[in-house]
Amino acid sequence: MDEQISVNELNVTAMVDESTDPYGMAGCSAIWARFEVSDATMVEHLRRSKAHAVKIDVRCGALVVAGVIGKLLQKGNVTLVSLAVHDIGRRISE
């Protein structure tokens, strides 16, 4: 089952690189969602999710992104989380 968390701020970035690599393979594209977490219990939970490549849903208002954690970066009391996005959608009111 997917994990679900809610955040107050979510930054989504889409990237594309159309250049070919040294082997002649086409470029790549990616969508990343970045958010901050300050709760130590949540950070530990996210570390375990990253270690086991557990898919998580991150909700911010009506926006929902789903993916796996690619990077956790500790900056003082805040942990910056980068999520490799597999799906983006909007939350329908329940």
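Residues numbered from 1 in each chain as written. Predicted model: local features only at pLDDT ≥ 70, side-chain atom pairs only at ≥ 80, totals over all residues. Heavy atoms only, no water.

(A) Quick look at the environment of Val78. Counting through the fold element by element, Val78 comes out in strand 6 (residues 78-90). Look at Val78 and you get partly exposed, because its relative accessible area is 24%. Through-space distance from the C-alpha of Val78 to that of Asn11 is 16 Å; in sequence the pair is 67 residues apart. Excluding residues within four positions of it along the chain, Val78 makes contact with Glu36, Val37 and Leu73. (Helix = DSSP H or I, 4+ residues; strand = E, 2+ residues; numbered from the N terminus. Buried < 20%, exposed > 50% of the residue type's maximum accessible area, 1.4 Å probe, protein only. Contact = heavy atoms within 4.5 Å.)

(B) Structural view of the side chain of Ser49. On the secondary structure map, Ser49 appears in helix 1 (residues 40-51). Setting aside residues no more than four positions away along its own chain, Ser49 makes contact with Glu3, Val54, Ile56 and Ile69.

(C) Structural context of the pairing of strand 6. Pairing analysis gives 6 bridges linking strand 3 (residues 28-37) to strand 6, with the strands arranged antiparallel. Bridge assignment links Ala33 to a residue of strand 6, and that residue is Leu83. Pairing of strand 5 (residues 63-75) with strand 6 involves 12 bridges; the strand directions are antiparallel. Along strand 6, the bridge assignment pairs Gly67 with Val85. Here strand 5 folds back onto strand 6 in antiparallel fashion, the turn holding 2 residues, of which Gly76 has a positive phi close to 65°. (Pairing = 2+ DSSP bridges.)

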